[in-house]
Amino acid sequence: MSNNIQSVRGMNDLLPDATDTWQAFEAIVRDWLRRYGYREMRTPILEHTGLFKRAIGEVTDIVEKEMYTFVDELNGESLALRPEGTASSVRAVIQHNLLYDGGKRLWYTGPMFRHERPQKGRYRQFHQVGVEALGFAGPDVDAELIVMCADLWRELGIAPTLQLNTLGDIESRHRHRAKLIAYFEAHQDALDEDSKRRLHSNPLRILDSKNPAIQALNDAAPRLMDELDETALAHFDTLQALLRANGIAFEINPRLVRGLDYYNRTVFEWVTDQLGAQGTVCAGGRYDGLIEQLGGKPAPAAGFAMGIERLLSLMEVAGTPLATAVPDAYIVHAGDAAQAYAWQVAAALRGAGLAAMLHGGGGGFKSQMKKADASRARYAVIIGDDEVNARQVTLKPLRGTAGQTRVEVTLAIEYLKQALTEKA
C-alpha cells in the first residue's frame, strides 16, 4: 500500500498545462474588468467566523454545514476560511472607509472554501471572480453588471442563459414571509426535515429547495412578486427595460431567491444545461442593507460572483480555444564556449521581451532538439562552434517547413519578433 500523501479530497492541484489555461482566462477577465472601470482588491482567506454569520445568515447551508471553522489557539477566536467573497470585500471597505468620497467599482479573485461532498463542478476549494459595485443605488448599475457578464460570455465563446427575479424590500419580504409560514404550516406533513427546520427561521429558503417534492409544493406557494411596493416594482421594470434595450434575453424566475440572506431587490443567475447538476456559472444581485448590517454607514451595493472552474468547463464543452504559454525560443548549445555564449544570447532575447528557454542538463544536439520540440517553442536558437566564432546564432523554425537561417543576435531578435507577430 502506498504511503504517498495525497491532496485533500475536493482540493485540486493545478498543473502547468492547466495553469496555462487559467492564466489565459485570467488575462481576458482582467482586461474585461479594466474596460468597465473596476479595480482589484485582495482580502485574506481567513476571517472571523462572525463576519459570515452576520452577512450570510446563520440559518443557511453555508454557515450551518459548509464553513471550515476552527478556534485560534493563540487568542481563542473562532476563525473561518472564507466561503464567499462579498462579506470579506464589504468588511474591508468598511474597515478602510473606502466609500468616504463616493461609490467604488471593485473586483476580487481567489480561492473559496466549503466543506461539502466533492463532485464534478463542486469542490471544497474552488475559485471565483467577484465584482462589487458599492455606493450605487439605481437599476442602471444592476443592468451594467448583467450587460458586462454578457460581454464576457461572448468573449469566452459560451452562452449561458439569464434568470432574473426581484426580492423587493424588507417590508414586502416581511409580508411575504408571514404568508409563506402560514402556507407551509398548512402543508407541514409534506415538508422534509430541512424545510421544517427553516419554516420559522428562514422560510424563503424553502423556495430554494432542490427536493422535487418541495419544488412541487412551492409551485402553489404565495408569490413575493405580489407583495412588492411601487418603488421596488419600478426598479425591476427599469432594469428589464435596460436589459431589453441592450439586447439581453432573460427569463423571470419567481422562485429564484439565492442562497444568501443579504440580497434584496434584484437577484440573477446565469445558468447552463451543459454541466449536469451544477448549472449555475455566475450569480449575484443587489444587497443594499449589507454594509450597514456589518457596521458601516448605510450605502447601496450590488455585485456578482462567477465560478472559474465551471466557466472553464463550459468553455471546454464549447470548444473555446485559449492560448497556452510556450517559449518563443529554445536555445540549443554544445561545448563550454557555446554554453557561455548561450547565456549571453538568452539574456539578450529576454531583455528584448522574448521568452527564451535555455537548455540545461547537457546532451548532444540531437537530444537537445528533441527537448526543443517538446517545449512547444516556436523556434530553436542553435549555438555551436561556428556561431560562437562568428558571434551569431542559427534560427530554426520548429513548426512549419521554413528553412533555418544564421544571423547576428540583434538581427535574430528582429527576425523573431517579426515572425512571431505574423503568426499571432
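These lines cover the structure that appears in this document, whether it is placed above or below. Worth saying up front: this structure is predicted, and the values here are computed from it rather than measured. (Residues numbered from 1 in each chain as written. Predicted model: local features only at pLDDT ≥ 70, side-chain atom pairs only at ≥ 80, totals over all residues. Heavy atoms only, no water.)

**Focus: the environment of Leu-420**
Point 1. Take Leu-420: it is sitting in helix α15 (residues 409-423).
Point 2. Expressed as a C-alpha distance, the spacing of Leu-420 and Leu-354, which sit 66 residues apart in the sequence, is 9.8 Å.
Point 3. Contacts of Leu-420, omitting those with residues within four sequence positions, involve Asp-328, Leu-354, Arg-378 and Tyr-379. (Helix = DSSP H or I, 4+ residues; strand = E, 2+ residues; numbered from the N terminus. Contact = heavy atoms within 4.5 Å.)

**Remarks on the pattern of salt bridges**
Point 1. Within the structure shown, the criterion is met by 20 salt bridges.
Point 2. Residue Glu-227 pairs with Lys-179 through a salt bridge whose shortest N-O separation is 2.6 Å. With Glu-227 in the loop between α8 (212-218) and α9 (230-245) and Lys-179 in helix α6 (residues 170-186), this residue pair connects regions lying 48 residues apart in the sequence.
Point 3. On the basis of relative accessibility, which here comes to 10%, the residue Glu-227 falls in the buried class.
Point 4. With a relative accessible area of 43%, Lys-179 lands in the partly exposed category.
Point 5. One continuous salt-bridge network, built from bridges that share partners, spans Asp-31, Arg-34, Arg-35 and Glu-155. (Salt bridge = Lys/Arg side-chain N within 4 Å of Asp/Glu carboxyl O. Buried < 20%, exposed > 50% of the residue type's maximum accessible area, 1.4 Å probe, protein only.)

**Section: helix α11 (residues 308-318)**
Point 1. Considered for burial, the residues of α11 that qualify are Ile-308, Glu-309, Arg-310, Leu-311, Leu-312, Leu-314 and Met-315.
Point 2. Looking at the buried residues of α11, the elements they touch are α1 (16-35), β5 (104-113), β6 (125-134), α5 (139-156), β10 (280-286) and β11 (301-307).
Point 3. Gly-319 lies just past α11 and shows a positive phi near 75 degrees.

**Topic: the packing of aromatic side chains**
Point 1. Within this structure, the stated rule accounts for six aromatic pairs.
Point 2. Ring geometry for Trp-153 against Trp-270: centres 5.7 Å apart, planes inclined by 75 degrees, an arrangement best described as edge-to-face. Within this pair, whereas Trp-153 is found in helix α5, its partner Trp-270 is found in strand β9 (residues 264-271), the two being separated by 117 residues in sequence. An identical accessibility class is assigned to Trp-153 and Trp-270; each is buried.
Point 3. Ring geometry for Tyr-263 against Tyr-287: centres 6.5 Å apart, planes inclined by 80 degrees, an arrangement best described as edge-to-face. Remark: Tyr-287 occurs in the loop between β10 and α10 (290-293) and Tyr-263 occurs in the loop between β8 (251-252) and β9; sequence separation between them is 24 residues. For the pair Tyr-263 and Tyr-287, a shared accessibility class is recorded, and that class is buried. (Phe/Tyr/Trp six-rings, centres within 6.5 Å; stacked < 30°, edge-to-face > 60°.)

Just geometry here; none of it tells us what the structure is for.
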